[in-house]
Amino acid sequence: MSLLGGNDLKEQQKINDLELKINREKQKLDKKLTRQKILLGAFLVDALENDSVAGLKEYTADNLLDFLTRQADKDLMLDLVENLRTVPVSNYYNSDD
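Throughout what follows, the structure given in this document is the object of discussion. For clarity, every value in this text was computed on a predicted model and none was experimentally measured.

### Observations concerning the overall build of the chain
Here is step 1: Within the chain, the secondary structure is distributed over three helices and zero strands.
Here is step 2: Looking at the chain residue by residue over its 97 residues, the buried ones come to 10%.
Here is step 3: Here the chain displays about 9,000 Å² of accessible surface, and carbon together with sulfur accounts for 56% of that area.

This is the structure we're talking about:
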């Protein structure tokens, strides 16, 4: 065993352990951010479905496809945008008439 290199292995192991810990914390953060995005998306979908925010449907229909950059994403969301642009017949008639 060398007198000069004995601590190198211990120090390398400490570095490896710290890198592993950093990666675990990054994964936790990524999971947290993903969960936040999912919950925010669910909240916005609920607002869109219930038309609870004035102008949100129109804003989403007018801007969502421009926001998306990948064609596959635009294709995926096209039906949703078209459904947002559709005004229900009940909105044209007042039930009090």
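### Let's talk about the packing of helix α2 (residues 56–67) against helix α3 (residues 71–85)
Here is step 1: Contact pair α2 / α3: the axes reach a minimum separation of 9 Å and the direction vectors enclose 150°. When the interaxial angle is binned, α2 and α3 end up roughly antiparallel. α3 is crossed by α2, and the crossing has left-handed handedness. Side by side, α2 and α3 meet where Lys57, Thr60, Ala61, Asp62, Leu64 and Leu65 of the first sit next to Lys74, Met77, Leu78, Leu80, Val81, Leu84 and Arg85 of the second.
Here is step 2: The class makeup of the residues in the contact of α2 with α3 is eight nonpolar, one polar and four charged.

### Some details on α2
Here is step 1: Every buried residue of α2 is listed here: Leu56, Lys57, Thr60, Ala61 and Leu64. Taken down its axis, α2 places every buried residue within 130° of arc, on the same side. α2 presents Tyr59 and Asp66 as exposed residues on the side facing more than 90 degrees away from its buried surface.

Cut-offs and rules
Residues numbered from 1 in each chain as written. Predicted model: local features only at pLDDT ≥ 70, side-chain atom pairs only at ≥ 80, totals over all residues. Heavy atoms only, no water. Helix = DSSP H or I, 4+ residues; strand = E, 2+ residues; numbered from the N terminus. Buried < 20%, exposed > 50% of the residue type's maximum accessible area, 1.4 Å probe, protein only. Areas by Shrake-Rupley, 256 points an atom, 1.4 Å probe, with all protein chains shown as cover. Axes fitted to C-alpha atoms, helices over the stretch in contact; angles between N-to-C directions. Parallel < 35°, antiparallel > 145°, perpendicular 65-115°, else oblique. Left-handed = near helix turned anticlockwise from the far one by under 90°. Contact = heavy atoms within 4.5 Å. Nonpolar A, V, L, I, M, F, W, Y, C, P; charged D, E, K, R; others polar. Arc of directions from axis to C-beta.

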